[in-house]
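Summary of structural features
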Amino acid sequence: MIVNQKAVLSKYAVDNGFTNLVFFIDDGVSGVTFNRPNFNRIIAEIETGNVEKVIIKDMSRFGCDYLKVGYYMEIFIERDVHYIAINDGVDSAKRNNDVTPF
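In what follows, the accompanying structure is described.

Rules of the game
Residues numbered from 1 in each chain as written. Predicted model: local features only at pLDDT ≥ 70, side-chain atom pairs only at ≥ 80, totals over all residues. Heavy atoms only, no water. Buried < 20%, exposed > 50% of the residue type's maximum accessible area, 1.4 Å probe, protein only. Helix = DSSP H or I, 4+ residues; strand = E, 2+ residues; numbered from the N terminus. Pairing = 2+ DSSP bridges. Salt bridge = Lys/Arg side-chain N within 4 Å of Asp/Glu carboxyl O. Phe/Tyr/Trp six-rings, centres within 6.5 Å; stacked < 30°, edge-to-face > 60°. Lys NZ or Arg CZ within 6 Å of the ring centre and 35° of its normal.

Section: the pairing of strand β2 (residues 82-85)
A regular strand places its side chains so that they alternate between the two faces of the sheet. Burial along β2 is two-sided: the face carrying H82 and I84 and the face carrying Y83 and A85 are both buried. Sheet topology places strand β1 (residues 53-56) next to β2; four bridges connect them, and they run parallel. From the neighbouring strand, K53 faces β2, where its bridge partner is H82. Looking at chain direction, β2 and strand β3 (residues 90-91) are connected through two bridges and run antiparallel. Across the sheet, residue A85 finds its bridge partner in β3, namely V90. The hairpin turn running from β2 into β3, its antiparallel successor, is four residues long, and G89 in that turn takes a positive phi close to 70 degrees.

Below you can see the structure in the form of structure tokens.
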């Protein structure tokens, strides 16, 4: 499964001209918990300003608790980290674009 996710992410990055890829993988650790070694590592890297962009296959791969996922998305916004969830069509660079009030 991780191999397929990496392939999807790599293809997306190459197709969109993103370079210097670093994968943060917590294989075998449930997304129910946010206390995952590489998840904690990427958050630390974001907090120190070392990450410009986070690309995930879909939001469920980031975490299963959508309230906490939203919390971390707000941290990304505060730190000016561009995040993309490929399968969910989420792109923070477009968050204020194409919004139609209803």
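A short note on the sheet that holds β1
Sheet architecture is open: three strands sit in the order β1-β2-β3, paired in mixed fashion. Edge positions in the sheet fall to β1 and β3, since each of these pairs with one other strand and no more.

Considerations on the pattern of salt bridges
Evaluation of the coordinates by the stated rule reveals four salt bridges. Put simply, D15 and K11 hold a salt bridge, and the shortest N to O gap is 2.5 Å. Linking D15 with K11, this pair stays in helix α1 (residues 2-15), spanning four residues, or about one helical turn. Using a relative accessible area of 52% as the deciding quantity, one classes K11 as exposed. The salt bridge involving D58 is made with K57; its shortest N-O contact spans 3.5 Å.

Examining the packing of aromatic side chains
Under the defined criterion, the tally for this structure stands at 10 aromatic pairs. Note on Y71 and Y72: the rings are 5.0 Å apart at their centroids and 75 degrees apart in plane angle, and the pair reads as edge-to-face. Clustering of aromatic rings is evident, with ring pairs tying together F34, F39, F62, Y71, Y72, F76 and Y83. Just above the ring of F34 sits the side chain of R36; from NZ or CZ to the centre is 5.7 Å.

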